[in-house]
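Chain and residue survey
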Amino acid sequence: MDIIDTHTHLYVNEFDEDRNEVIRRAKENGVTKMILPGINSGYISAQLQLAEKYPENCFLAVGLHPSEVKEDFENELKIVEKELQTGKYIAVGEIGVDLYWDKKFAEHQKNAFEKQVILAKKYSLPIIIHVREAFEEVFEVIDRQNDTNLTGIFHSFTGTKKQADKIISYGGFKIGINGIVTFKNSGLDKVVKEIDLKYLVLETDSPYLSPVPRRGKRNESSHLIYIAEKILEIKKISFEKIAELTNDNAEEIFGHL
Ligand code: NI
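Below is a summary of the structure that appears in this document. Everything numeric here is computed off the predicted structure, so don't read it as measured data. (Residues numbered from 1 in each chain as written. Predicted model: local features only at pLDDT ≥ 70, side-chain atom pairs only at ≥ 80, totals over all residues. Heavy atoms only, no water.)

1. So, unusual backbone geometry
For the bond from G93 to E94, the omega torsion is 0 degrees, close enough to zero to count as cis. Along the polypeptide, E94 turns up in strand 4 (residues 91-98). Each neighbour pair has its own omega, and for V212 with P213 the value is 10 degrees, a cis peptide bond. Structurally, the position occupied by P213 is in the loop between strand 8 (200-202) and helix 8 (224-235). One non-glycine residue, E133, lies in positive phi territory at about 50 degrees. Note that E133 resides in the loop between strand 5 (127-132) and helix 5 (135-145). By relative accessible area, which is 56% here, E133 ends up exposed. (Helix = DSSP H or I, 4+ residues; strand = E, 2+ residues; numbered from the N terminus. Buried < 20%, exposed > 50% of the residue type's maximum accessible area, 1.4 Å probe, protein only.)

The following block contains the structure:
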């Protein structure tokens with residue numbers, strides 16, 4: 001059964017030594033399709049190279065990550081739009097608001113996020129949202145911009161049932177679950193139990209957030225199976241069913257990969 005990793009940063013230098021091996025291991029474990037969200041313009045050429053080398057496996061998103069938003073973000077957004085015009089991207093992301101690491105650019109972050117949501121609408125693409133300690137700020141933007149065509153993923157979800165319900169109520173959004181669900185005391189398993197499977201997609205967010213039993217090590221797409229196994233334990237259905245349903249959910253957002 002093939003399974004989609006909806007969020008990996010396979011192009012970062014943590015994988016420079018063995019990137020081809022990492023992709024081979026992913027495929028061996030059934031993780032045949034990987035979505036690679038952007039961080040900033042400095043990574044674009046590395047992303048494009050990977051998609052050219054592995055056109056059946058690697059799919060790209062472009063966007064300015066909230067933690068990369070500085071005074072000059074408008075220049076970065078110009079590059080994002082220039083890239084979108086090439087038609088090589090299946091989504092805009094990752095974009096959003098992160099007030100955990102730094103609140104200094106909070107207003108810029110909100111502004112950059114909203115502008116990129118508008119870009120996604122202009123190019124009819126889904127969005128990949130990063131939110132950390134900023135649900136209120138992100139919801140404020142989506143409340144304003146949501147329409148019947150806007151779709152996307154709230155990636156690396158660690159919120160409450162109430163926040164999940166709010167996401168679902170928008171109509172076009174899914175919830176990305178990663179290794180955090182395997183962490184003892186994260187409490188995320190209890191929230192996931194309450195969310196209907198038709199709203200969940202799986203992701204590694206590699207090289208970060210490696211799931212148990214690889215916690216603390218570099219994460220990679222082959223580890224997606226540990227996340228799927230945890231979800232099947234929570235939902236009490238088969239691995240095949242988890243893969244099938246979460247793949248369908250991912251393709252509902254990103255189109256047929
Ligand atoms: Ni990410």
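Alright, that's what it looks like, and here's the rest.
2. Brief notes about the nonpolar core
By size, the foremost hydrophobic cluster in this structure holds 69 residues, and its most contacted members are I127, I142, F154 and F157. With residues near it in sequence (within four places) discarded, F154 still touches I129, V131, F135, V138, F139, I167, Y170, F173, K174, I175 and G176. Grouped together as the second largest cluster of nonpolar side chains are 13 residues, I4, I153, V201 and A250 included. (Core = buried A, V, L, I, M, F, W, Y, C linked by side-chain atoms within 4.5 Å. Contact = heavy atoms within 4.5 Å.)

3. Here we look at the pattern of salt bridges
Following the criterion strictly, the structure yields 21 salt bridges and no others. Between E107 and K110 there is a salt bridge, with the nearest N and O atoms lying 3.7 Å from each other. Pair noted here: E107 and K110 are both in helix 4 (residues 106-122), with a separation of three residues, about one helical turn. Accessibility expressed as a relative area gives 18% for K110, which makes it buried. The salt bridge partner of K110 is E140, with a shortest N-O separation of 3.7 Å. In this pair, K110 is assigned in helix 4 and E140 in helix 5, connecting sequence segments 30 residues apart. For E140, a relative accessible area of 36% gives the class partly exposed. Ionic contacts of the salt-bridge type, sharing partners, join the residues D18, E21, R24, R25, E28, R218 and E220 into one network. (Salt bridge = Lys/Arg side-chain N within 4 Å of Asp/Glu carboxyl O.)

4. Considerations on the environment of A91
Along the chain, A91 turns up in strand 4. Owing to a relative accessible area of 0%, A91 belongs among the buried residues under this scheme. For the pair formed by A91 and A120, sequence separation is 29 residues and the distance between their alpha carbons is 7.4 Å. Setting aside anything within four residues of it in sequence, one finds A91 in contact with L60, A61, V62, L125, P126, I128 and F254.

5. As for the packing of aromatic side chains
Tallied over the entire structure, the rule returns eight aromatic pairs. Ring centres of F154 and F173 lie 5.6 Å apart, and the angle between their planes is 70 degrees; on these two criteria the pair is classed as edge-to-face. Taken together, the residues F154 in strand 6 (residues 152-155) and F173 in strand 7 (residues 173-177) connect sequence positions 19 residues apart. Residue classification places F154 among the buried positions, given a relative accessible area of 0%. With centroids separated by 5.9 Å and ring planes inclined at 65 degrees, the aromatic side chains of Y170 and F173 adopt a geometry described as edge-to-face. Using a relative accessible area of 11% as the deciding quantity, one classes Y170 as buried. Residue class for F173 comes out buried when judged on its relative accessible area of 2%. Counting every residue linked through ring pairs, the aromatic cluster contains F135, F139, F154, F157, Y170 and F173. The residue whose ring lies beneath K166 is F139, and the NZ or CZ to ring-centre distance is 5.6 Å. Lying across the ring of F183, R215 places its NZ or CZ 3.6 Å from the centre. (Phe/Tyr/Trp six-rings, centres within 6.5 Å; stacked < 30°, edge-to-face > 60°. Lys NZ or Arg CZ within 6 Å of the ring centre and 35° of its normal.)

6. Describing the packing of helix 5 against helix 6 (residues 161-169)
Axis angle and axis distance: for two packed helices, these are the angle between their axes and the distance between the axes, and together they describe the pair. Between helix 5 and helix 6, the least distance of the axes is 11 Å, while the angle of their chain directions is 15 degrees. Comparing their axes, helix 6 and helix 5 come out roughly parallel. Crossing handedness for the pair helix 5 and helix 6: left-handed. Of the residues in helix 6, those in contact with F135, F139 and D143 of helix 5 are Q163, K166 and I167. Split into classes, the residues belonging to the contact of helix 5 with helix 6 amount to three nonpolar, one polar and two charged. (Axes fitted to C-alpha atoms, helices over the stretch in contact; angles between N-to-C directions. Parallel < 35°, antiparallel > 145°, perpendicular 65-115°, else oblique. Left-handed = near helix turned anticlockwise from the far one by under 90°. Nonpolar A, V, L, I, M, F, W, Y, C, P; charged D, E, K, R; others polar.)

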